[in-house]
Amino acid sequence: MGIPRPLLLTTAVTAGALLLAPLPASAAPVREDAPRPHPVRERGTQPDAAAARTGATAPGTGGTALPDGRAYPRRTVLDTPPANPADKSIKLGLAPYHSLAPRLNALQKLGDRVSVEVAGRSAGGHELYLVTVTAPESAHQVREQRRMRELIESAPALAAKDRRIKSSYKTPVFINNNIHGNEWEGTDAALKLIEELAKAEDSGTAGLLASNRVYLNVTANPDGRIAGTRANSAGFDLNRDFITGSQPESRAVRRIAVDKQPAVMLDLHGYVNGTLIEPTTPPHGENYEYDLFLKNAYANALGMEKAVNGLGYTPGKDGVDPAVIPFRDQREGWDDWPPIFTPQYMAFQGAVASHTVEFPMRVNNSSYDSLPVTELRRRSAINTDIAGAVMRATLKWTDENRSSVLADQMETFRRGAAGEAQRPVSEETVPGVPGIGPEDVYTTGFPRAYVIPAGAGQRSATAAARLVDHLVANDVRVRRASAGFRLAGTRYPAGSYVVDMHQAKRGVANVILDAGRDISADVSTMYDISGWSLGLLWGASVDKVQKVSGGAHAPGLVPGRTVSAAAPTGQVDRTGDLRLRLDDPKELAALNSLLARGVTVRRAADGSAIVPSSARQRAAVLADRYGVAFTATKEKGTGALHRTRVAAAVTSGESFALREMGFEVVPVSAATLNAGFDWSAVDVLFVSSGLRYADLGAAARAALGSFLGSGADGGGLVALGSAGAAFNTAAGLLPATAVAGNGDANGVVRVVNAGGAVTGGAPAHSFVYSPLWFTGLGAGVRVDQSYGNGNPLVSGHWRAKEDGTGAPGDAAGRASIVSGTSATGARVTLFGTEPLFRDHPKGLFPQVGRALLAAAR
C-alpha cells in the first residue's frame, strides 16, 4: 500500500511563522492547542522573537508598517519613558534616551514641518523614533508622492520621462543615527538639525523642504545608547545584521529603506581621527551600479569634507585631524564589499550616495571610563558639531543636485529592469573622480533568473519558504508558478518560485541568492566578512538560470502570480508514526516543543526524530506554527530523545540561534562554574567563547569531570572554534588535534557530509570564520564532515598565513566536524566551522542542534 496522502495545512501561518522564544518567567504558559490569532508577518518575514519575549510590537507584526496615506505633518504624542539616571549619555552631556520623546513632542509643536512616528521597537522594547522633516503635504499630495516613488521603481524608464516627477517629486534623504549604541553624537546633532529646520524662516530652507523629505532615525539602537554598548540588548552589532535581519532594529531600518526609498543616506558612527567619510577602498560591492554610486558618493563626500574642515578644528588646538576620504586617501582595509553594513545595504534599495561617517574624538570604551568628564564633554561637543556639519552639507548637496540624483536612482532601477550589463568604473564612466584604477573594477554577471524548486527531491520546503519570505521582505519580486514550466532545459513543477532578474532591485536579489566570489587574490585584508550566500547557507535548493533558450518560458511569463508571502508548507501525514527530519532550525524548534510537553520522541538512525501517532494532534499544531512536515514512517527509532538544557559559553549570536531552535540556554563562565554550578540543571555543555579550562578551580574541574564522566548518565560537550577545541584538549576529552587556518579567513566553503546523527541532511556548503580542521584523530573518533578537495573556498577571503601555512588548500579533505566518546564516557562533538555565525547561516543550525541532542544525557 502507498503512504496515505498527507494533510496539508493551509492556514495563514506559513513557514515564516514565529519561532517562539522561551516565555519570561513571569508569563503564563500558552497551550499549544489553545485558539489564538495567527501572527501577521512583515511582508512575509517571521515576526520578531525578541519582541514576543518583551511584549513589544515589532515592525510589521501588528500593523505598524509606517503609514503612507496621511498628510504631513503627522502629530504623534510620544509616551515619555521613566527617567533613567544611569543612561550612559548623561556623562557626555548628551541627550539620554528618556529625554528624546519629550523633546520630539516639543519639536512637533514648533510649526508644520516636523512629524514623528514610531518605526518599531528595539530588542529591549524601546521605541524607535522616525522623524520626517518636510514642507506640509495634503493627503492627496502624499498619495501623489507615493505614486511617483512606486513608478520610479516599477517603471523607471517611464518615470525618467515623467515631468511631474522631475518637477514635484521630493528627494528622500535618510539619516541613521547611533546604530552603535556607544557612538552617540549623531542623535544629538539630529535633534539640533530638526529644530533648525523647524524654525528657519529663510527661503533656502523653505525651498529645501519643498523639494526634499528628510527622514531621521533618531537613535537606531536605544538599548546600546542607554547601556553604553556597541550592541543592542540581545548582544548584536546591528551594523552587521543587514541582509540577515535577525534583529528588530535592523528590520525597522530595512522597512524604512523599502518604504521611503532613500536616494541619499548617512550613517553616523565614531571614532576615527580624522573624520572618515565614505566612499571606501576596494573591494567594492559587485552587485550595485558602482559607476552611479561612486559619482554621487564622492561628490557628496567632498562637500562633507569641506564642511568638516571648515569648522576650524585643528590637530594642535583641538586634537582633530583633517577629514579622510578612504577612496582617495587609502589603499585598502576599509571596503564596501559585504551587504551587512547599513550604507552598503541602502545602495541595493536605491541610494546612489550612502556613507558611513566616523567622528574623530573617542569618548567610548576605555576613554569613557578614564577621561575626566570635562574632556569627554569637550570631545562629544566636537563630534556633535561635526555630525551636524555633514548632515547640513549632505542636504545642501542633495538639494543642489536633486535632478541628477533622482535621474541616477531611476537609471539604477532601469538597468535592473532591462537586464542590462553594469558599467565598469573608469575615468571615462565616472569623470571627476581621481585615482580610479583596475583595482576598483568589481562587476558581476547577473543571471537571467533564479528558481527555488518545489516537489520531491528538493532539500526543504520549510527552508524554501523562509528564503522566499526573506526575499519579499527585502523588496525582491518573487513569482510562484501555478503550473509546471521549463527554464534553460529544466522542467519545474507547479509551486516552484521564480526570481526574474529583470527587476529594479536585482542587486539585492543577487546578493541574497548568488554563491558570491572568492576575492582572496584581490586584496590583502578585509574589514569584515567576505561571503554570505543565503542561496547556499539557508537550507533551500536554489537553481541559477544563466540564459533562457528557445521554447522555454521567459521568467516573467511563468504561469502564476507574484507573492507577498510563501505558501504554507506545514503538513502531517494522516496515519502511522511520524518522522520529523531535523534538517531545519524550525524542525528543531518543533521537536523541542514536543519534548517540553512530555511527548515521547525517539531518535532514528539518520538523526531524525520519530514522533508517535498519539501526538498527531500536537504535531498538526506545530506543523501549522513552524511550517514543518511530519511524514509517515514505520521506523520505530532507537534511544529516546529528551529535552536538552544547554550550559553555554557562547557568543550572543550563537545563544540567539540556540533559543531560535527552542533550546533552553543557561549562560556559564569560569566565574559561574567556580562559584559552584549545579550541573544537574543542564544536559550538555556548549563552549565556543569565554571559557578556558585553565581558569577553573579544582572544585569546578572536579564537578565538570563528574558531569562529563558519568557514562550514559552523564552530560556531553559540543565545542566550536579555537576556544572550544582548546577546552576539549585541556579537559582531556576527545583525542583530536585542532589545526588553525588563517585567523582572518572567512567565507562559504564546500564540505562533504558523512550523514548520521550530526550531519544527516546537511547542505554541501558551510561557513567559516577563522577556520579549523582536525588531525591526529584517535580511535573511535568519527569524521562527520570534511572540507572539500582542492580549494574548498567558494566565496570570501582566505589566504595563507605569513609563514605559508593555513591556506584553504591545507584544509582540503581534512575533518571539519568530528565526534566520538571520550575515555570517561562523555559524548563530544567538535566544530571547525561557524554554523551559528551571527544567527545567519540558517541551514547550518541543525548541525549544532543535532550535536547537542546527541551529546545530551
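Procedures and definitions
Residues numbered from 1 in each chain as written. Predicted model: local features only at pLDDT ≥ 70, side-chain atom pairs only at ≥ 80, totals over all residues. Heavy atoms only, no water. Helix = DSSP H or I, 4+ residues; strand = E, 2+ residues; numbered from the N terminus. Rg over C-alpha atoms; globule rule 2.2 N^0.38 Å. Contact = heavy atoms within 4.5 Å. Areas by Shrake-Rupley, 256 points an atom, 1.4 Å probe, with all protein chains shown as cover. Lys, Arg positive; Asp, Glu negative; His and termini not counted. Charge placed at Lys NZ, Arg CZ, Asp CG, Glu CD. Buried < 20%, exposed > 50% of the residue type's maximum accessible area, 1.4 Å probe, protein only. Phe/Tyr/Trp six-rings, centres within 6.5 Å; stacked < 30°, edge-to-face > 60°. Lys NZ or Arg CZ within 6 Å of the ring centre and 35° of its normal. Axes fitted to C-alpha atoms, helices over the stretch in contact; angles between N-to-C directions. Parallel < 35°, antiparallel > 145°, perpendicular 65-115°, else oblique. Left-handed = near helix turned anticlockwise from the far one by under 90°. Nonpolar A, V, L, I, M, F, W, Y, C, P; charged D, E, K, R; others polar. Pairing = 2+ DSSP bridges. Polar contact = N/O pair within 3.5 Å; in protein donor to acceptor, adjacent residues only side chain to side chain. Expected span 1.5 Å × (residues − 1). Salt bridge = Lys/Arg side-chain N within 4 Å of Asp/Glu carboxyl O. pLDDT = per-residue confidence, 0-100. Arc of directions from axis to C-beta.

## Section: the overall build of the protein chain
Here is step 1 of the chain: Across its full length, the protein chain carries 28 helices and 35 strands.
Here is step 2 of the chain: Scaling as 2.2 N^0.38, a compact globule of 857 residues should have a C-alpha radius of gyration of about 29 Å, and the protein chain matches this with 27 Å.
Here is step 3 of the chain: For the protein chain, the spread of C-alpha atoms along the three principal axes comes to 80 × 70 × 55 Å.
Here is step 4 of the chain: Within the protein chain, contacts between residues at least 6 apart in sequence are counted, and of these 79% link residues at least 24 apart.
Here is step 5 of the chain: Surface summary for the protein chain: the accessible area is close to 29,800 Å², and the carbon and sulfur share equals 53%.
Here is step 6 of the chain: In the protein chain, which carries 90 positive and 82 negative side-chain charges, the distance between the mean positions of the two groups comes to 7 Å.

## Observations concerning the environment of Gly207
Here is step 1 of the chain: Among the secondary structure elements, Gly207 is positioned in helix H7 (residues 203-211).
Here is step 2 of the chain: Look at Gly207 and you get partly exposed, because its relative accessible area is 30%.
Here is step 3 of the chain: As a C-alpha pair, Gly207 and Thr134 span 73 residues in sequence and 9.9 Å in three-dimensional space.

## Topic: the packing of aromatic side chains
Here is step 1 of the chain: Taken as a whole and assessed by the stated rule, the structure comprises 21 aromatic pairs.
Here is step 2 of the chain: An angle of 45 degrees between the planes, with centres 5.2 Å apart, marks the rings of Tyr288 and Phe293 as tilted. Accessibility classification places Tyr288 together with Phe293 in one group, the buried group.
Here is step 3 of the chain: Both rings, one in Phe341 and one in Tyr527, keep their centres 6.0 Å apart while their planes meet at 55 degrees; by these two values the pair is tilted. Pair noted here: Phe341 is in the loop between strand S9 (335-336) and helix H13 (342-347) and Tyr527 is in the loop between helix H18 (506-513) and helix H19 (534-537), with a separation of 186 residues, a long-range link.
Here is step 4 of the chain: Ring pairing ties together the aromatic residues Tyr288, Tyr290, Phe293 and Phe348, which thus form one cluster.
Here is step 5 of the chain: The positively charged end of Arg74 is found above the aromatic ring belonging to Tyr72, 4.0 Å away from the centroid.

## Observations concerning the packing of helix H6 (residues 185-199) against helix H15 (residues 373-400)
Here is step 1 of the chain: It is the contact of H6 with H15, at a shortest axis distance of 8 Å, that shows an interaxial angle of 50 degrees. Regarding the angle of H6 to H15, the classification is oblique. Taken as a pair, H6 and H15 cross one another with a handedness that is right-handed. Counting all contacts with H6, which are made through Glu185, Gly186, Asp188, Ala189, Ala190, Lys192, Leu193, Glu196 and Leu197, the residues of H15 involved are Ser380, Asn383, Thr384, Ala387, Gly388, Met391, Arg392 and Leu395.
Here is step 2 of the chain: Here the contact of H6 with H15 is built from residues that sort into 7 nonpolar, 5 polar and 5 charged.

## Points about the pairing of strand S15 (residues 497-500)
Here is step 1 of the chain: Burial along S15 is two-sided: Tyr497 and Val499 facing one way and Val498 and Asp500 facing the other are all buried.
Here is step 2 of the chain: Bridging between strand S11 (residues 449-452) and S15 involves 4 bridges; their strand directions are antiparallel. Looking at the pairing, Ile452 lines up with Tyr497 of S15.
Here is step 3 of the chain: By the bridge criterion, 2 bridges tie strand S12 (residues 479-481) to S15 in an arrangement that is antiparallel. Bridging across to S15, Arg480 finds its partner in Tyr497.

## Observations regarding the side chain of Asp683
Here is step 1 of the chain: You can see Asp683 is positioned in the loop between helix H23 (670-674) and strand S26 (684-687).
Here is step 2 of the chain: Of the polar contacts made by the side chain of Asp683, one reaches the backbone nitrogen of Arg645; its length is 2.8 Å.
Here is step 3 of the chain: Other than its neighbours up to four places away in sequence, Asp683 contacts Arg643, Thr644, Arg645, Phe707, Gly715, Gly716, Ala855, Ala856 and Arg857.

## Observations concerning the sheet that holds S15
Here is step 1 of the chain: On the basis of which strands lie adjacent, the open sheet formed by 5 strands has the order S16-S11-S15-S12-S17 and antiparallel pairing. On the outer flanks of this sheet lie strand S16 (543-545) and strand S17 (560-562), each paired with one strand and no other. When the angles between neighbouring strand axes are averaged without regard to direction, this sheet yields 25 degrees.
Here is step 2 of the chain: Sheet strands touched by helix H17 (residues 461-473): S11 and S15. Its angle to S11, the strand with the most contacts, is close to 140 degrees.

## Notes on H17
Here is step 1 of the chain: Its 13 residues give H17 an end-to-end C-alpha distance of 18 Å, which sits within 8% of 18 Å, the value for a rise of 1.5 Å per residue.
Here is step 2 of the chain: Among the 13 residues of H17, 12 are classified as buried, and the element is accordingly described as predominantly covered.
Here is step 3 of the chain: Considered for burial, the residues of H17 that qualify are Thr462, Ala463, Ala464, Ala465, Arg466, Leu467, Val468, Asp469, His470, Leu471, Val472 and Ala473.
Here is step 4 of the chain: Its side-chain oxygen placed 3.4 Å from the backbone nitrogen of Thr462, Ser460 serves as the N-cap of H17.
Here is step 5 of the chain: Taken from the residues just after H17, Asp475 is the one with a positive phi, measuring 70 degrees.

## Section: the pattern of salt bridges
Here is step 1 of the chain: Applying the stated criterion across every chain, the model contains 47 salt bridges.
Here is step 2 of the chain: We note a salt bridge from Arg581 to Asp583, for which the minimum N-O separation is 2.7 Å.
Here is step 3 of the chain: For the salt bridge of Arg645 with Asp683, the shortest nitrogen-to-oxygen distance reads 2.9 Å. Note that Arg645 is positioned in strand S24 (residues 645-649) and Asp683 in the loop between H23 and S26, a separation of 38 residues in sequence.
Here is step 4 of the chain: The class of Arg645 is partly exposed, set by a relative accessible area of 25%.
Here is step 5 of the chain: The network of salt bridges with common partners includes Glu289, Asp291, Glu411, Arg414, Arg415, Glu420, Arg423 and Arg506.

## Considering the confidence of the model for the protein chain
As a general rule, the predicted coordinates of low-pLDDT regions are not to be interpreted in detail.
Here is step 1 of the chain: Per-residue confidence for the protein chain gives a mean pLDDT of 91; residues scoring 70 or more make up 91%.
Here is step 2 of the chain: Note on residues 1-65: pLDDT under 50 across the span, and 148 contacts to partners over four residues away in sequence or across chains.

## As for the packing of helix H10 (residues 290-309) against helix H16 (residues 402-418)
Here is step 1 of the chain: At a minimum axis distance of 10 Å, the contact between H10 and H16 shows a crossing angle of 165 degrees. For the element pair H10 / H16, the angle class is roughly antiparallel. H16 is crossed by H10, and the crossing has left-handed handedness. Here Asp291, Leu292, Lys295 and Asn296 of H10 lie close against H16, whose contacting residues are Val405, Asp408, Glu411, Thr412 and Arg415.
Here is step 2 of the chain: In terms of residue class, the contact of H10 with H16 is made up of 2 nonpolar, 2 polar and 5 charged.

## Quick word on unusual backbone geometry
Here is step 1 of the chain: A cis amide bond, omega 10 degrees, links Tyr72 with the succeeding residue Pro73.
Here is step 2 of the chain: Checked against the element boundaries, Pro73 lands in the loop between helix H1 (49-54) and helix H2 (100-108).
Here is step 3 of the chain: Note that the residue after Gly270, namely Tyr271, is joined by a cis bond; omega there is 5 degrees.
Here is step 4 of the chain: Considering the arrangement of structural elements, one finds Tyr271 in the loop between strand S6 (264-270) and strand S7 (276-277).
Here is step 5 of the chain: For Ile243, which is not a glycine, the phi torsion comes out positive at approximately 85 degrees.

## A look at helix H24 (residues 698-708)
Here is step 1 of the chain: Of all the residues in H24, the buried ones are Ala700, Leu704, Phe707 and Leu708. When H24 is viewed along its axis, its buried side chains cluster within an angular range of 90 degrees and face the same direction. Exposed side chains of H24 directed beyond 90 degrees from the buried face belong to Ala698, Ala699 and Ala702.
Here is step 2 of the chain: The inward-facing, buried residues of H24 abut H23, S26, strand S27 (716-720) and helix H25 (721-730).

## Things to note about the sheet that holds S7
Here is step 1 of the chain: The 7 strands are arranged S2-S3-S5-S4-S6-S10-S7 in an open sheet whose pairing can be described as mixed. Since the sheet does not close on itself, it has two edges, and those belong to strand S2 (114-121) and S7, each with one partner.
Here is step 2 of the chain: For S2 and strand S3 (residues 127-133), the ladder comprises 7 bridges, and the chain directions are antiparallel. If you follow Ser115 over to S3, its bridge partner there is Thr132.

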